[in-house]
Amino acid sequence: MRAGLTRRGAAAAFGAAALAPLARPAVAQGEAVRVGLILPLTGPFASTGRQVEAAVRLYLRQNGDGFGGRRVELLVRDDTGVAPEVTRRIAQEMVVRDRARVLAGFGLTPLAFAAAPVATEAKVPMVVMAAATSAIVARSPFVVRTSFTLPQVTAPIADWARKEGIGNAATLVTDFAPGLDAERVFKERFLAAGGAVPLELRSPLRNPDYAPFLQRVRDARPQALFIFVPSGEGAALMKQFAERGLGEAGVRLIGTGDVVDDDLLDAIGRPALGAVTSHHYSAAHDSPENRAYVEAFAAANPGVRPNFMSVGGWDGMHLIAEALRATGGDANGDKLLAAMKGRSWTSPRGPMAIDANTRDVVQDVYIRRVEERNGRFWNVEFDRVPAVRDPGA
Amino acid sequence: MLTVLLDGLAAGMLLFVLAVGLSVTLGLMNFVNLAHGAFGMLGGYVCAAMLNRAGLPFLLCVAAAALASAAAGVVLERLLYRRLYGRDHLDQVLFSIGLVFVAGAAADWVFGARQQLIALPAWLSGRVEVGPASIGAYRLFLIAACGLIVLALHVGLVRTRFGARLRAAVDDAVVARGLGIPVPRLFALTFALGSGLAGLGGALGVEVLGLDPTFPLKYMVYFLIVVAVGGANTVLGPFLAAVLLGVVDVAGKYWVPELGAFAIYTAMVALLLLRPQGLLARAAER
Amino acid sequence: MTARPWLRPALEAAFWAAALGAYFAFPDLLPLLSQVAIAALFVLSLDLLVGFAGVLTLGQAAFFGLGAYAAGILAQQGWGEPLSGLVLAAVLAGALGVLTAPLVLRGGDLPALMVTLGLGLMLGEAANKLPGITGGADGLLGVEVWPVLGLFRFDLYGRTAFLYSLAVLFALFLLARLVVSSPFGLALRGVRGNARRMPALGTPVRARLVAVYGMAAAYAGVAGALLAQTTQFVSLDALSFGRSAEGLLMLVLGGLGSLYGALVGAAVFTVAHHLLSELSPLFWQFWIGAALMAVALAGKGGVLGLFAAALRRAS
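None of these values were measured; they are calculated from a predicted model.

(A) Representation of the overall build of chain A. Secondary structure summary: chain A contains 13 helices and 15 strands in total. The C-alpha radius of gyration computed for chain A amounts to 23 Å, which stays within 12% of the reference 21 Å derived for 393 residues, consistent with globular compactness. Considering only C-alpha atoms, chain A reaches an extent of 80 × 60 × 40 Å along its principal axes. Across the 393 residues of chain A, 59% fall into the buried class. Within chain A, residue pairs in contact and separated by at least 24 positions form 70% of the contacts whose partners lie at least 6 positions apart.

Right under this line is the structure:
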């Protein structure tokens, strides 16, 4: 009997202890401004979330956590990247329970879409550091973006291809919303400039064996192949492109920078040589800010090169910090938002700004080629299009 | 066209090597091991680590991967799996999914969340002309290697005593035990074999399928498809199923790319409706 | 248990009182709790199928997603009344269930599992290929849901969302209870126990299975609709294999065949995920996996089984 009571008592005690953190008392309104960082830290998009988190933490380490007289406190939560309702729930909890004054992060479009109404209702700025669909900024008047949009970085490569004299190009994209966006924008620009798109291919998101699609491309022998795949898939695609001898067959590989993600480029290696892509950030960008950034990032995260996702995090944190300085430490949502709009600065990626009306990012887009330097592989910029705005959905 | 078929054949055979262990485990031990992909993942990581960090020869790394997975299989079988024999399938599902989570988190902790990439040795790179078609050297290697494995499995099952005992135990474990066949030891060895094959498949597949901590969850669906369509207690059944699915998938994407992933799912559902017990299942119901 | 016949109703009353009491005890965590309620309804639908009728399925998310999109599109197209969204979701999902049941009921466990999986994957792929209707991978926008009963707006704190979800869960739970303790439910349990003998008792086995499949599908559809309405958003993950697998996991974790096991499993898993994720954002999966393994190895029939065993030991 005694053993039974003890066990039941233990169970009850355990239960109470387990639930205790849930019934946290209301946090005393101290000085710290809480920034809620919601990222996919586990699951299929974990590499995105970790790059962003690393950059945000690096910024705070380098610049301290005091801006405009207020201390900034970072709250990081994992939303797994595959359940928008979890993202929304975390956003609500951060605003309601943790009294976050800024929401940030958002690794994918549906996650940002789901959480945006929370920002609107709570009147809290929402800094989108990774997601890339045009319509996100329209979803809430409190959304500000420091990442990029796919149309923004796709249009320049289409223009460049025509300038290079490429007459026809096949397209191969992953069959989901971002891929379809990239395909649409490339086609529009390329056709408008007088080119032809003889072949459009879409590969399924699941089980992407590119063999049959690349075989179709080989059969069609276009002058170039435009590709868009989620970062992470680029390796498989480039290897199979090289394996199939498409380069030797005269097909040039062009695409957006997702394919030659800096995070993986070194590991992909030789098969990527010569690929020309357009993107807003390269770890090889030649500026003192970027050199310092890459060095500091690699020092803090051994063996990891910062990529285009990380720079969205860095600049997002910078935007929040600068806004706080501008408001003199006032964390009121409307005031912070007003301080964010129209701001411009020099980022490791180059010059960038937040459009005062659309709240979207305006930045230079670079044309780069994969080259080998000292045994390592980099996206070397050789041309740029200044101050590109999002062409719109 | 032949190129496309060869590509599909390579993919299918790789899938077979990965999935055959699951078929044997399910058929013999009646154990639903959804963590099968985790052994494949282990093999992939061992191979990638040895190749990238130690620079050892490719074939050695692949062999080491198979051994590592087999060893892990033996250890886990003795310690944990054994306790769940004969239990409700759903308990086994709960256990094996838990194991997948643990394995994924462990892989993440050791290797990080990024894709693991390997650099193939020179003799496996490039293309090879085979008559009117050309095929990647690595895919040709896959077909040859997996073909050898299938042959070895078949011979092993049919010609050796171990194979005879295994087949007896699959047919009727109670009678087999009565005949003096050491069924528990057989289970352990078979589990090791199945896991080892998964590890081998995982190592061979790093180049083609990719490798990251979500590997077991990503590809579990395909293993299940192969086992379900092929039948859970033969080796030839899953082989045919895997090759069929590989070819249908690749051919579908080549000729009717608009169908996309529908091809493989429709094929699976159709095959299952036509032959619910598997392609080569025996007429007598279990 | 027969020594104290009041124990079971008392526990049940305590359970629902605690569920309602959570509204007052955890005012900052209502979004989490409403997701627990929605997951509980989804897992309840799985219990009807797997726990009572013995039909294994890995494609239940197809009905969940169909219900979510039905309610979401209805609201998007201008009719945002929540209760009618639930009804539409139930009808459409139930219809799909009844239509696909014959396909699923051929063959044994493994073929059933794979056919449901295949059908689920196909529906997911179809939704991806129709971005004009579903919004594709980006998700369905413009879902504007009117206040419940014209009075209760869906607010930032999740108050309406929680009470609404809990009320729907409670109502459907009562209905499920009625069904499983009716002759229909007893026949189902007979089918699960030994499907070959039941026709000898005059039970039209197939008809019963199709009926319960349709009912479970309708329940899953309502759960999906609740999600769409409380979050005002729907995306492809509602149809995903991961959701089906997670539902099955929660059911086994809680314990099959008792209806309460479904609720407990959903609550324990969701809350555990939440707590562990806060403590360890990168490695919560390790702890959850270990816990699942432990419960499976303990083998008492899930959390509810463990609880019951502890009670028996104590008395």
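Back to the text.
(B) Seen up close, the overall build of chain C. Helix and strand counts for chain C come out as 13 helices and zero strands. Dimensions along the principal axes, computed over C-alpha positions, put chain C at roughly 55 × 45 × 40 Å. Considering chain C as a whole, with its 315 residues, one finds that 55% of them fall into the buried category.

(C) Quick look at the domain arrangement of chain A. One can read the domain layout of chain A as domain 1 (33-148 + 287-359) and domain 2 (151-279 + 366-388). The straight-line distance from the C-alpha centre of domain 1 of chain A to that of domain 2 of chain A is 28 Å.

(D) Representation of helix H11 (residues 288-300) of chain A within the structure. In a regular helix each residue adds 1.5 Å, so 13 residues correspond to 18 Å; H11(A) covers 18 Å between its end C-alpha atoms and thus fits that length. Summarising the contacts, the buried residues of H11(A) are in contact with helix H2 (46-63) and helix H12 (308-326) of chain A.

(E) A look at the environment of A:Met126. All names here are of chain A. Of note, Met126 is situated in strand S5 (residues 126-128). Judged by local crowding, Met126 falls into the buried class, with 31 C-beta atoms found within 10 Å. The spacing of Met126 and Leu337 is 211 residues in sequence and 8.9 Å in space, taken between C-alpha atoms. Not counting the four nearest positions on each side in its chain, Met126 is found in contact with Leu103, Ala115, Ala116, Ala119, Ser140, Phe142, Val143 and Val144.

(F) Just the interface of chain B and chain C, in detail. Contacts between the two partners involve 35 residues from chain B and, on the opposite side, 33 residues from chain C. Elements with a minimum of two residues in the side of chain B that touches chain C: helix H4 (89-111), helix H9 (215-230) and helix H11 (262-274) of chain B. Its residues placed into classes, the side of chain B that touches chain C shows 26 nonpolar, six polar and three charged.

(G) Quick look at the sheet that holds strand S1 (residues 33-39) of chain A. Residues and elements named next belong to chain A. Spatial strand order, S2-S3-S1-S4-S5-S6: six strands in an open sheet with mixed pairing. Where the open sheet ends on each side, the last strands, each with one partner, are strand S2 (66-67) and strand S6 (143-145). By the bridge criterion, seven bridges tie S1 to strand S3 (residues 70-78) in an arrangement that is parallel. Following the sheet pairing, Ile38 is matched in S3 by Arg77. Set on the sheet, H2 makes contact with S1, S3 and strand S4 (102-105); between it and S1 the angle comes to about 160°. Where helix H4 (residues 109-122) meets the sheet, it contacts S4, S5 and S6, and its direction lies at approximately 160° from that of S5.

(H) Local environment of the interface of chain B and chain A. Contacts between chain B and chain A engage 19 residues on the former and 27 residues on the latter. Among the elements of the structure, helix H1 (2-29) and helix H10 (236-255) of chain B are those that each provide at least two residues to the side of chain B that touches chain A. Here the element with the most residues in the side of chain B that touches chain A is H1(B); it accounts for four residues. Of the residues in the side of chain B that touches chain A, the class split is nine nonpolar, six polar and four charged.

(I) Fine view of the confidence of the model for chain C. Looking at chain C as a whole, its pLDDT mean stands at 91, while 99% of the residues score no less than 70. Across the predicted assembly, pTM comes out at 0.90 and ipTM at 0.91.

(J) Summary view of the nonpolar core. Core analysis: the biggest nonpolar cluster contains 352 residues, and B:Val226, C:Ala40, C:Leu41 and C:Val222 have the highest contact counts within it. When residues in this core are grouped by element, the largest group, 18 residues, is from H1(B). Counting contributing residues per domain, this core is built from domain 1 (33-148 + 287-359) and domain 2 (151-279 + 366-388) of chain A, each supplying no fewer than three.

(K) Highlighting the pairing of strand S1 (residues 127-130) of chain B. Residues and elements named next belong to chain B. Strand direction decides the pairing type here: S1 and strand S2 (residues 133-136), joined by four bridges, are antiparallel. From the neighbouring strand, Val130 faces S2, where its bridge partner is Ala133. Joining the antiparallel neighbours S1 and S2 is a turn of two residues, in which Gly131 adopts a positive phi near 65°.

(L) Spatial organisation of unusual backbone geometry. Residue and element names in this part refer to chain A. Non-glycine residue Phe106 carries a positive phi angle of around 70°. Mapped onto the fold, Phe106 is located in the loop between S4 and H4. In this model, Lys123 sits at a positive phi of 55°, which is unusual for a non-glycine residue. In this fold, Lys123 is placed in the loop between H4 and S5. On the basis of neighbour count, Lys123 is assigned to the partly exposed category, with 15 C-beta atoms found within 10 Å.

(M) Inspection of helix H6 (residues 150-163) of chain A at higher detail. Residues and elements named next belong to chain A. For H6, which comprises 14 residues, the first-to-last C-alpha distance of 21 Å matches the rise-based estimate of 20 Å (1.5 Å per residue) to within 8%. In terms of burial, H6 is largely enclosed, as ten of its 14 residues are buried. All of the buried residues along H6 are Leu150, Pro151, Gln152, Val153, Thr154, Ala155, Pro156, Ile157, Ala158 and Ala161. Two residues or fewer past H6, Gly165 is found with a positive phi of approximately 90°.

(N) The arrangement of the pairing of S3(A) in detail. Residue and element names in this part refer to chain A. Relative to S3, S2 runs antiparallel, the two being bridged by two bridges. Its bridge partner lying in S3, Phe67 is registered against Arg70. Counting the residues between successive antiparallel strands, the hairpin from S2 to S3 contains two residues, one of them, Gly68, with a positive phi of roughly 60°.

(O) Structural context of the environment of A:Glu93. Counting through the fold element by element, A:Glu93 comes out in helix H3 (residues 84-96). Taking the C-alpha atoms as reference points, A:Glu93 and A:Gly36, 57 residues apart in sequence, are found 9.7 Å from one another. Excluding residues that lie within four positions of it along the chain, A:Glu93 makes contacts with A:Asp98 and C:Pro31.

(P) Quick peek at the confidence of the model for chain A. When the pLDDT values of chain A are averaged, the result is 90; 92% of them are 70 or greater. Here residues 1-29 of chain A is modelled with pLDDT under 50, and outside its nearest four sequence neighbours on either side it reaches 14 contacts, counting other chains as well.

(Q) Structural detail: the environment of C:Trp287. All names here are of chain C. By the secondary structure assignment, Trp287 is in helix H12 (residues 284-298). Taking the C-alpha atoms as reference, Trp287 lies 24 Å from Asp237; in sequence the two are 50 residues apart. With residues up to four places along the chain from it excluded, the contact list for Trp287 reads Leu276 and Ser280.

(R) View of the packing of H9(B) against helix H5 (residues 109-128) of chain C. The N-to-C vectors of H9(B) and H5(C) enclose an angle of 135°; their axes lie 10 Å apart at closest approach. Our classification of the angle between H9(B) and H5(C) gives oblique. Considering how the two elements wind past one another, H9(B) and H5(C) form a crossing that is left-handed. Side by side, H9(B) and H5(C) meet where B:Val221, B:Leu224, B:Ile225 and B:Ala228 of the first sit next to C:Leu110, C:Pro111, C:Met114 and C:Leu117 of the second. Split into classes, the residues belonging to the contact of H9(B) with H5(C) amount to eight nonpolar, no polar and no charged.

Conventions adopted
- Every chain is numbered on its own, with residues counted from 1 as its sequence reads.
- The naming scheme follows written order: chains are lettered A onward, ligands numbered 1 onward.
- In keeping with the predicted nature of the model, local features appear solely for residues at pLDDT of at least 70, side-chain atom pairs appear and are counted solely at 80 or more, and the whole-chain, interface and lining totals rest on all residues.
- In DSSP terms, a helix is any run of H or I states spanning at least four residues, a strand is any run of E spanning at least two, and both are numbered starting from the N terminus.
- Between the two quantities, the radius of gyration covers C-alpha atoms and the globule rule is 2.2 Å times the number of residues to the power 0.38.
- Counting other C-beta atoms within 10 Å of its own, a residue is labelled buried from 20 upward, exposed at 12 or fewer, and partly exposed in the gap between, with every C-beta atom placed from the backbone.
- Any two residues are considered in contact once their C-beta atoms, placed from the backbone, lie within 7 Å.
- Start and end points for every domain follow an automatic or database-based domain assignment.
- One fewer than the residue count of a helix, multiplied by 1.5 Å, yields its expected span.
- Each residue is assigned to one of three groups, with Ala, Val, Leu, Ile, Met, Phe, Trp, Tyr, Cys and Pro labelled nonpolar, Asp, Glu, Lys and Arg labelled charged, and all others, Gly among them, labelled polar.
- By this definition, two strands are paired if DSSP reports at least two bridges between them.
- Lines are fitted to the C-alpha atoms to define the axes, a helix being fitted only along its stretch in contact, and any angle between axes, read from their N-to-C directions, falls within 0 to 180 degrees.
- A residue's pLDDT is the predictor's confidence in that residue, given on a scale from 0 to 100.
- As used throughout, a nonpolar core is a set of buried Ala, Val, Leu, Ile, Met, Phe, Trp, Tyr and Cys residues joined through C-beta atoms within 7 Å of each other.
- Between 65 and 115 degrees an angle is taken as roughly perpendicular, under 35 as roughly parallel, over 145 as roughly antiparallel, and anywhere else as oblique.
- In this scheme, a crossing is called left-handed if the near helix is turned counterclockwise away from the far one by less than a right angle; it is called right-handed if the turn is clockwise.

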